[in-house]
Structure formats: structure tokens, C-alpha cells
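Structure at a glance
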Amino acid sequence: MAAEKSERLLNLLIMLLVQRTYVAKERIREILYPGSTPEAFEKMFERDKDELRSLGVPIEVGQMDAFFDDEPGYRIRPDEFALPDISLTADEAAVVGLATKVWQHARLAEATTEAVRKLTALGVDVDLGALDIVEPRLSADEPSFDVFWEATQDRVPVVFDYVRSGETEQRTRHLQPWGVARYSGRWYVVGFDTDRRAERIFRLSRVVGKATKRGRPGSYEIPPGTDVSEVARRLAPEPSTTRVVLLVRKGAGHTLRRGADSVEEGVPGPDTESTWDRLVLERGSVGLADEVLGYGADAYVEEPVALREAVVGRLREAVA
């Protein structure tokens, strides 16, 4: 059920985002809620809209025809969406938030591609360029990511071996996962440690071997109002930051721009064919080279020198 709901939310998000005009409610029902009764559709549609809006998705309501007072239509304007702050809550709707942050993760990328394919096959006129605004660049390459993510959706406890920072001994942990969040360049799972009877976070890179789901779906509840990102920020070690100066091509780097302390527009860049902006940020050093590399030729490191050398070194290795 969680998977079906997550897929429906993702389909609704994409359908309203890629359309060039308002979408009629009946059209939404026909494509995304086939076979549902009018009463069931109204309940599901209202609930799905509320969950998307709770993630910061601005669903706009308007008239299909400006000259006639017909039924209202729905859309998501790309210029208003523009990658808002999305909290990775514990509910199934977190899949949508994760999809915008982790588009390159194989399973979510596949789900997104499948959603677009289905909408296209059903005759929906899609504007794939609208998807560029989310500009996903972070990858979830931790081997245990899938297990914790799926366990969060199904409410299934997870058992895994873990090594704490500065230690070598492996300890077996039992966790009821509330969600997965990225903080200071690292992935963490947040949840309730049943051995210690308290909320805890665990860095996925320190999970040893294979994490295993153990228990029945729906065997625990997540505290109402839980903000996984807030818990990660509160419990994770204080990150060290460094001043980073980047040149970013005009129209690119939306995620970087949102987190920049200052943006200087129209500065000289690596080439004269594009318009470049200078961004100044305070960022943690962990994973920063990977993040910059994700933007390819649209980002250039001015400072610090160590970061630029790390990026250049990775590029040379790739070419070799």
C-alpha cells in the first residue's frame, strides 16, 4: 500500500509540474485514479494534495477557461516550485521529498522515468524541461540506503552492525527507522533505538555488512510531528565548515544558489560564451567535491585551492 501511495504522489507531482496549463480534476481522476468512485477519488485527491503541500509543493488552483466559470484546474508553476525546502518527514509522502533530493538514486530515478512514461502514454502533454528546476545532484550510494528507506515506508524494524567513530568494535543495533536524511554531506538514518529506548541517528557509511529488515510491516508508529532533518541536525556531530567561492553558469546551480551567502551576477567565467555568477558559501568539506562534480561544466571552483585540486584530480581520474 505504501508503495502504491508513494507512486501516486510522485505521479501527481510530475503531472502537475510538467503540464503547460491547468489540469482538470476529471482528467486527473481519469489518469491517476482510474476505477475509483467519485467519493473515493475526492478523499484520496484531497489527502494527496495536502501531503504535497505539506512538503512545500505549491499546488495552484485556477479556471480552465478565463472566459467561462467552468470547473477549476490544478497545476504547479515551475517558477514557484524551484526546489523549496523539503523536510524528510516520516510519512510515505517523504518519497516525494527524497525524489527531489536523490534523483540519481537508481530506484527513484527509475520510478520518475516510469511516471513520465505512463503520463506520456496516456496522452498527457508533458514539458520535461520543467523537471530541470529540481536539479538533483546528490546520490545515495550507501549500500544500506535502500533497506532503511524501504523500512521507513513499511514501518519495519531493522537490525544492523555498526561501528562508532573512533572505535573498531562492531555492535549490533535494533532500530525502528523514522526516515533518512542528508546532513553535512553524509547520510543518516533517524529512528528509535529499541535497545537504548531513545531516539538515535546512525551514519550509513558506518553500517557494517548488510542491514536486515526484521519484523512485520506497521509494527511501530512514528511520533507525530517528527522532523527527520531537524533530529539529524540536533544529534549529528557539529560539522566543520569552510568558505567556498564558486562560479556557476547562469540558470544552473539552483541548490547552490539557495544556500549561498552572497551571489554576484555577471562576472567573468571560464568561458565567454555563457553568463556566470559568483557564489560564496559556508559549507562542510565532506562530500563537497562530489556535489560540485555533479554540476559538471556548470560549476567552477575558485576557492579553496584544495577543493579545486580535488575536483580536478577526480576529473583526470575519470578521463584516464
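Residues numbered from 1 in each chain as written. Predicted model: local features only at pLDDT ≥ 70, side-chain atom pairs only at ≥ 80, totals over all residues. Heavy atoms only, no water.

Looking at an unreviewed UniProt entry, one finds the chain named WYL domain-containing protein and attributed to Nocardioides anomalus.

Section: the nonpolar core
Note the following rule: Remark: nonpolar core denotes a set of buried residues (Ala, Val, Leu, Ile, Met, Phe, Trp, Tyr, Cys) joined through side-chain atoms within 4.5 Å. Each residue gets one of three labels from its accessible area relative to the maximum for its type: buried under 20%, exposed over 50%, partly exposed in between, using a 1.4 Å probe on protein chains only. Secondary structure is summarised from DSSP: a helix means a run of H or I of at least four residues, a strand means a run of E of at least two, and numbering begins at the N terminus for each. By definition, residues are in contact when any of their heavy atoms lie within 4.5 Å.
Of all hydrophobic cores here, the largest spans 21 residues; its most connected members are L12, L16 and I28. If you list the elements that add at least two residues to this core, you get helix 1 (2-18), helix 2 (25-32), helix 3 (38-54) and strand 3 (72-76). Looking at this core element by element, the count peaks at nine residues for helix 1. Filtering out sequence-adjacent residues up to four positions away, I28 remains in contact with L12, M15, L16, V23, Y33, F45 and Y74.

Brief notes about the side chain of K25
Basically, it comes down to this: N or O atoms closer than or at 3.5 Å make up a polar contact, with two conditions inside protein: a donor-capable atom paired with an acceptor-capable one, and, for residues adjacent in sequence, both atoms drawn from side chains.
Within the secondary structure layout, K25 lies in helix 2. Using a relative accessible area of 18% as the deciding quantity, one classes K25 as buried. A distance of 3.5 Å separates the side chain of K25 from the side chain of E42, its partner in a polar contact. Contacts of K25, omitting those with residues within four sequence positions, involve F41, E42, F45, E71, P72 and Y74.

Structural notes on the packing of aromatic side chains
Here is the rule: Pairing of aromatic side chains requires ring centres within 6.5 Å, counting the rings of Phe and Tyr and the six-membered ring of Trp. Pairs whose planes differ by under 30 degrees are stacked, by over 60 edge-to-face, and all others tilted.
Under the counting rule described, the total for this entry stands at nine aromatic pairs. Ring geometry for Y162 and F202: centres 4.9 Å apart, planes at 80°, overall edge-to-face. Remark: F202 occurs in strand 7 (residues 198-203) and Y162 occurs in strand 4 (residues 158-162); sequence separation between them is 40 residues. In this pair, the class of Y162 matches that of F202, namely buried.

Thoughts on the environment of E30
Tracing the sequence through the fold places E30 in helix 2. For E30, a relative accessible area of 51% puts it in the exposed group. Each C-alpha atom of the pair E30 and F41 lies 10.0 Å from the other, and the pair is eleven residues apart in sequence.

Structural notes on the sheet that holds strand 6 (residues 186-193)
The line we're drawing: Strands are labelled as partners when DSSP assigns at least two bridges between them. Each axis is a line fitted through C-alpha atoms, taken for helices only over the stretch in contact, and angles between the N-to-C directions span 0 to 180 degrees.
Pairing in this open sheet of five strands is antiparallel, and the strands run 7-6-5-4-8 from one edge to the other. Edge positions in the sheet fall to strand 7 and strand 8 (207-213), since each has one partner strand and no second. Going across the sheet, the axis of each strand differs from the next one's by a mean of 40°, ignoring polarity. Bridge count for strand 4 against strand 8 is four bridges, and the pairing is antiparallel.

Thoughts on the pairing of strand 6
Here strand 6 lies mainly inside the structure; seven of its eight residues are buried. In this structure, strand 5 (residues 171-183) lies alongside strand 6, joined through eight bridges in antiparallel fashion. What sits directly across from R182, in strand 6, is W187. Note that strand 6 and strand 7 share six bridges and pair antiparallel. What sits directly across from V189, in strand 7, is F202. Here strand 6 folds back onto strand 7 in antiparallel fashion, the turn holding four residues, of which R197 has a positive phi close to 55°.

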